[in-house]
Amino acid sequence: MPADIEVEKKDEFYLARCLQLALKGKGYVSPNPMVGCVIVKDNKIIGEGYHAKYGEEHAEANAIKNASESVEGATLYVNLEPCVHYGKTPPCVDLIIKSKIKRVVIGTIDPNPLVNGKGIEKLKQAGIEVKVGVLERESKKLNEAFFKFITQKIPFVALKIAQTIDAKIADAEGNSKWITSEQSLHYVHQLRSEYDAVLIGSRTAKLDNPNLTVRLVEGRNPFRVILDSALSLPLELNVFSDKFTDKTIVLTSAGSFKSKKEKVEKLNSLGVKVIPVKSRRRKLDLREVLEKLAENGIASVLVEGGGKVFTEFIKHKLADKVYIFIAPKILGKGIPSISDIGIKSIGDILTLKEISIQNFGEDVLITGYL
């Protein structure tokens, strides 16, 4: 086997390990990216690390600290370009140079303007050999939420839809518990722990009175985001009265925010943040909703309902991904998961990309990108 192919295979092998390590930080590092790092010397791994929690040491620093011997002359693998600026921690590039690492292999360039090629340039100027673009597609997909958040200044948006086989999410009265199985519900709680926020409309909040917390798996609770343009939801709801109210955000119309000052103050006193946004015909401007959430450090949002909210996100091309749980049940009359999104012809139909299919009990989960 030619030497260059051998090197490429080794580089891919160790970069794949970086991606595995990076996943250990899922749900804990946002709005930072998930990063894993491997240090190799004389064809053996001498150090590994990952970014475990927002504000704590980065992957490169942990890998160097965990090394079983001197890293001088070693190759460092990392799925995202090392940082070159002071943030919550010192620049990783400076530590790599100081540690006399000989070669650095990087999955993808960091889109953050504070880094974006500057880390690579500084490493090269220090005489370090740098290779970029190993498992690049996989490295970008791992941090798809971070990439969108940084480049577009709005969160990555996924819709979580639980429906019958005839695409109903509730009966005519709005009852939806439980269309899908216990196994599906476990996975939904896993998703909640991985996204920064879950979002619902006021009708879902009122009918279901959900907690929107993580209970069936281990993980952090997301922010609970409620769209309530009229600011009419009762204060007795779980999201306003449990011990996690400091993680509840209500977005309302600018008019309601102004005319219902007493309600706003009451919600604030409970620990709930109320944010005004533009609205038209009682519908909040979803683009502005996402911008406001991004300003609050929310890089990813899992939209959990209801049908009108799903429809608006798709209609305005603001959803990136969907998780559609389909139960082998038929309801007939009921509330559809998605209504009119403005498509007039079969030729304009939306087709999901990069789909994957999983089973949870008797349910089928279709995941894809819009």
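Residues numbered from 1 in each chain as written. Predicted model: local features only at pLDDT ≥ 70, side-chain atom pairs only at ≥ 80, totals over all residues. Heavy atoms only, no water.

So, the nonpolar core
Generally speaking, soluble globular proteins have nonpolar side chains that are buried together. Put simply, the test is: Nonpolar cores were defined as sets of buried Ala, Val, Leu, Ile, Met, Phe, Trp, Tyr and Cys residues, with membership established by side-chain atoms within 4.5 Å. Categorising residues by exposure relies on relative accessible area from a 1.4 Å probe, with only protein chains included: less than 20% of the type maximum marks a residue as buried, more than 50% marks it as exposed, and the intermediate range marks it as partly exposed. Should any heavy atoms of two residues lie within 4.5 Å, those residues are counted as being in contact.
In this structure, L159, L199, L251, V289, L293, V303 and F313 are the most contacted members of the largest nonpolar core, which totals 32 residues. Setting aside its immediate chain neighbours within four residues, L293 contacts P155, L199, V225, I249, L251, I298 and V301. Core analysis: the next-biggest nonpolar cluster, separate from the first, contains 27 residues, A162, L191, V239 and Y323 among them.

Focus on the pattern of salt bridges
Going by this rule: Counted as salt bridges are all cases of a side-chain nitrogen of Lys or Arg within 4 Å of a carboxyl oxygen of Asp or Glu. Segments assigned H or I by DSSP are reported as helices when at least four residues long, segments assigned E as strands when at least two residues long, and all are numbered from the N terminus.
Using the criterion set out here, one finds 21 salt bridges in the structure. Linking K122 and D94 is a salt bridge whose minimum nitrogen-to-oxygen distance equals 2.8 Å. With a gap of 28 residues between them, K122 in helix α4 (residues 118-125) and D94 in helix α3 (residues 92-98) connect regions that are remote in the sequence. The partner of R220 in a salt bridge is D196, and the shortest N-O contact between them spans 2.6 Å.

Here we look at the UniProt feature "binding site: substrate" (unreviewed entry) in the protein chain
Rules: UniProt positions are given in the numbering used here, feature names are shortened, and annotations may be inferred rather than shown by experiment.
On the UniProt side, "binding site: substrate" (unreviewed entry) is annotated at positions that read S176, R192, L212, R215 and E304 here. Tracing the backbone through its elements, the reader meets S176 in the loop between β7 (168-170) and α7 (182-194). You can call S176 partly exposed: its relative accessible area is 21%. Setting aside its immediate chain neighbours within four residues, S176 contacts I169, A170 and D208. Among the secondary structure elements, R192 is positioned in helix α7. Taking the relative accessible area as the measure of exposure, R192 reaches 7% and is therefore buried.

So, the sheet that holds strand β8 (residues 197-201)
Worth spelling out the cut-off: In this scheme, strands are said to pair when DSSP sees at least two bridges between them. Throughout, an axis means a line fitted to C-alpha atoms (over the contacting stretch in the case of helices), and angles, computed between N-to-C directions, take values from 0 to 180 degrees.
The strand order β11-β10-β9-β8-β14-β6-β15-β18-β17 describes an open sheet built from nine strands, whose pairing is mixed. Edge positions in the sheet fall to β11 (273-277) and β17 (353-360), since each has one partner strand and no second. The sheet shows a mean angle of 20° between the axes of neighbouring strands, direction not considered. In terms of strand pairing, strand β9 (residues 223-227) meets strand β10 (residues 248-253) through four bridges, oriented parallel. Considered in β10, the bridge of L227 is made with L251.

A closer look at the domain arrangement of the protein chain
This is how it is decided: Domain borders in the structure are assigned automatically or taken from a domain database. As used here, buried area is the combined drop in accessible area, with a 1.4 Å probe, of two parts when they are placed together. We call two N or O atoms a polar contact when they sit within 3.5 Å, provided that within protein one can donate a hydrogen and the other can accept it, with sequence-adjacent residues counted only if both atoms are side-chain atoms. Residue type decides the class: Asp, Glu, Lys and Arg count as charged, Ala, Val, Leu, Ile, Met, Phe, Trp, Tyr, Cys and Pro as nonpolar, and the leftover types, Gly among them, as polar.
Split into domains, the protein chain comes out as domain 1 (3-146) and domain 2 (154-369). Between the C-alpha centres of domain 1 and domain 2 the distance comes to 35 Å. Contacts between the two partners involve nine residues from domain 1 and, on the opposite side, twelve residues from domain 2. Of the roughly 880 Å² buried where domain 1 meets domain 2, counting both sides, 48% is carbon and sulfur surface. Counting the surface domain 1 buries against domain 2, the share from its top three residues, G27, E144 and A145, is 45%. Summed over the shared surface of domain 1 and domain 2, the result is four salt bridges. When the shortest N-O distance is used, the salt bridge between E144 and K321 registers 3.3 Å. On the surface where domain 1 and domain 2 come into contact, there are five residue pairs in polar contact (both at pLDDT 80 or more). The set of elements that each furnish at least two residues to the side of domain 1 that touches domain 2 consists of α5 (136-142) and α6 (144-152). Here the side of domain 1 that touches domain 2 is built from residues that sort into three nonpolar, two polar and four charged.

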